[in-house]
Amino acid sequence: MKIASFNINGVRARTHALDAWLEDAQPDVAVLQEIKTQDEGFPTAFYEDKGWHVAVHGQKGFNGVAMLSRLPIEDLSLGLPGDDTDEQARLIEATVVGKTAVHVCGIYLPNGNPAPGPKYDYKLAWMERLRLHAAAMLAYEVPTVLLGDFNVIPEPRDAAKPENWVDDALFLPQTRAAFRRIVNQGWTDAIRIRDPHATRGPFTFWDYQRLSWERDNGIRIDHLLLSAHAADLMVDAGIDRAVRGGEKPSDHVPVWVELDA
DNA sequence: ATGGTCGCGGAGCGA
């Protein structure tokens, strides 16, 4: 079972890039971030006609997440628990059953800039709620993949120019510590373990500005965290880097993991 | 140091 994540930065602006990638990569499950539309603006019927099961958690203008699955979507849940006043659409999770059941939780973690400030406070609060939810998911002991745009640069080697990010909400010590608290519950970073001693990259995001792609001035902020049961089933993982060089690309590229499930 | 690029929605914000 191939499970992927792609921050598409607007589903309407990304029709070509998304379809081309789906055709090429053939994921069984794909979680999408920043669809930037309400539910009714998502091309649900279009993808259902192509054989996808579709779940959408939309929001007008900003944020918004979705799930496309070749397998039926079961036990769908929308939104991060822990704050009934939080109306931002940033989490979609469900169970899909192939050879075995896999729980898939797709997230769009808040950016948090500028820091300090209310947006950074919201980011840290969201990460604390995610920590609690992640622990609850591990307790189910179903193979689980927690993936998406985390808006966290975990280590200096995850940025081409870490010195440019020292005051940024994606790289501040508090952000990285909050990320570590989650990972240290027992999650496996599927991309990092493929090359544990890499000193630079790989990257998943290149800003539209300052010729970042042409200069390979990237960062790694899209992550796939595997529960122990999921890590035992991992066959391969990767980053579809070439997507960034395509026509009308997102500023993120897809990340994926293949499980024997 | 500054400004640079996108998407959404139809100005300015978010990233």
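Just so we're clear, the structure is a prediction, and the values are computed from it rather than from any experiment.

Thresholds, definitions, all that
Residues numbered from 1 in each chain as written. Chains lettered and ligands numbered in written order. Predicted model: local features only at pLDDT ≥ 70, side-chain atom pairs only at ≥ 80, totals over all residues. Heavy atoms only, no water. Helix = DSSP H or I, 4+ residues; strand = E, 2+ residues; numbered from the N terminus. Rg over C-alpha atoms; globule rule 2.2 N^0.38 Å. Buried < 20%, exposed > 50% of the residue type's maximum accessible area, 1.4 Å probe, protein only. Areas by Shrake-Rupley, 256 points an atom, 1.4 Å probe, with all protein chains shown as cover. Lys, Arg positive; Asp, Glu negative; His and termini not counted. Charge placed at Lys NZ, Arg CZ, Asp CG, Glu CD. Core = buried A, V, L, I, M, F, W, Y, C linked by side-chain atoms within 4.5 Å. Near = heavy atom within 4 Å. Polar contact = N/O pair within 3.5 Å; in protein donor to acceptor, adjacent residues only side chain to side chain. Nonpolar A, V, L, I, M, F, W, Y, C, P; charged D, E, K, R; others polar. Pairing = 2+ DSSP bridges. Right-handed = clockwise from strand over helix to strand, strands pointing away. Salt bridge = Lys/Arg side-chain N within 4 Å of Asp/Glu carboxyl O. UniProt positions renumbered as here; feature names shortened; annotations may be inferred. Contact = heavy atoms within 4.5 Å.

This next bit is on the overall build of chain A. Summing up its helical and strand segments, chain A has five helices and 14 strands in all. The globule rule puts the C-alpha radius of gyration for 261 residues at 18 Å, and the 17 Å found for chain A is close to it. With respect to the three principal axes, the spread of C-alpha positions in chain A is 45 × 40 × 40 Å. Counting all 261 residues of chain A, 55% fall into the buried class. In the form shown here, chain A has an accessible surface area of approximately 11500 Å², with 51% of it arising from carbon and sulfur atoms. Side-chain charges of chain A comprise 27 positive and 38 negative groups, with the mean position of each set lying 7 Å from the other.

With that out of the way, let us pick up the nonpolar core. With 49 residues, the main nonpolar core has Ile3 and Phe42 as its most contacted residues. The next biggest cluster of nonpolar side chains, apart from the first, holds 19 residues, and it includes Leu130, Met137, Leu146 and Ile182.

What follows is about the protein's contact with DNA strand B. Near DNA strand B there are 17 residues, and of these Arg12, Asn111, Lys119, Gln209 and Arg210 occur at the shortest range. What you see for DNA strand B is that sugar and phosphate hold 67% of its atoms within 4 Å of the protein. Within the side chain of Arg12, an N or O atom sits 2.9 Å from a phosphate oxygen of DNA strand B. Arg14 is positioned such that a nitrogen or oxygen atom in its side chain is 3.3 Å from a phosphate oxygen of DNA strand B. Class assignment of the residues belonging to the surface near DNA strand B gives a composition of four nonpolar, five polar and eight charged.

Moving on: the pairing of strand 8 (residues 144-149). Counting buried positions along strand 8 gives six out of six residues, so the element sits mostly inside the fold. Of the pairings in the sheet, the one linking strand 7 (residues 101-108) to strand 8 comprises six bridges and is parallel in character. Within strand 8, the position partnered with Gly106 by the bridge is Leu147. Once you follow strand 7 into helix 3 (residues 118-140) and on to strand 8, the crossover reads as right-handed. With five bridges joining them, strand 8 and strand 12 (residues 222-226) adopt antiparallel strand pairing. When the sheet's bridge partners are listed, Leu147 is paired in strand 12 with Leu224.

For the structure on display, the rule yields 11 salt bridges. Among the ionic pairs, Asp158 bridges to Arg192, the shortest N-O distance being 2.6 Å. Pair noted here: Asp158 is in the loop between strand 8 and helix 4 (173-183) and Arg192 is in the loop between strand 9 (188-189) and strand 10 (205-206), with a separation of 34 residues, a long-range link. Considered together, Asp158 and Arg192 belong to a single accessibility category, that of buried residues. Note that Arg210 is salt-bridged to Asp207, the shortest N-O span being 3.8 Å. For Arg210, a relative accessible area of 59% translates into the label exposed. The structure contains a network of salt bridges with shared partners spanning Asp158, Asp189, Arg192 and Arg220.

If you trace the backbone, Thr95 turns up in strand 6 (residues 91-97). Separated by 3.0 Å, the side chains of Thr95 and His103 make a polar contact.

In this section: the sheet that holds strand 7. Taken together, the six strands give an open sheet; going across it, the order is 5-6-7-8-12-9, and neighbouring strands pair in mixed fashion. The two strands at the open ends of the sheet, each matched to only one other strand, are strand 5 (74-78) and strand 9. Pairing between strand 6 and strand 7: seven bridges, direction antiparallel. When the sheet's bridge partners are listed, Glu93 is paired in strand 7 with Cys105.

Residues annotated by UniProt as "site: Important for catalytic activity" (unreviewed entry) correspond here to Asp222. Mapped onto the elements, Asp222 comes out in strand 12. Of the residues examined, Asp222 reaches a relative accessible area of 2% and is grouped as buried. Beyond its immediate stretch of four places on either side in the chain, Asp222 contacts Asn7, Gln33, Gly148, Asp149, Thr204, His252 and Val255. Here the side chain of Asp222 touches Thr204 through a polar contact of 2.7 Å, side chain to side chain.

Backbone torsion omega between Ala115 and Pro116 reads 0°, so that peptide bond is classified as cis. By the element assignment, Pro116 lies in the loop between strand 7 and helix 3. For the bond running from Gly201 to Pro202, omega is 0°, close enough to zero to count as cis. Mapped onto the fold, Pro202 is located in the loop between strand 9 and strand 10. In this model, Asn151 sits at a positive phi of 50°, which is unusual for a non-glycine residue. When its relative accessible area of 4% is taken as the criterion, Asn151 is described as buried. Its identity as a non-glycine residue notwithstanding, Leu211 has a phi of 55°, on the positive side. Counting through the fold element by element, Leu211 comes out in the loop between strand 10 and strand 11 (218-219).

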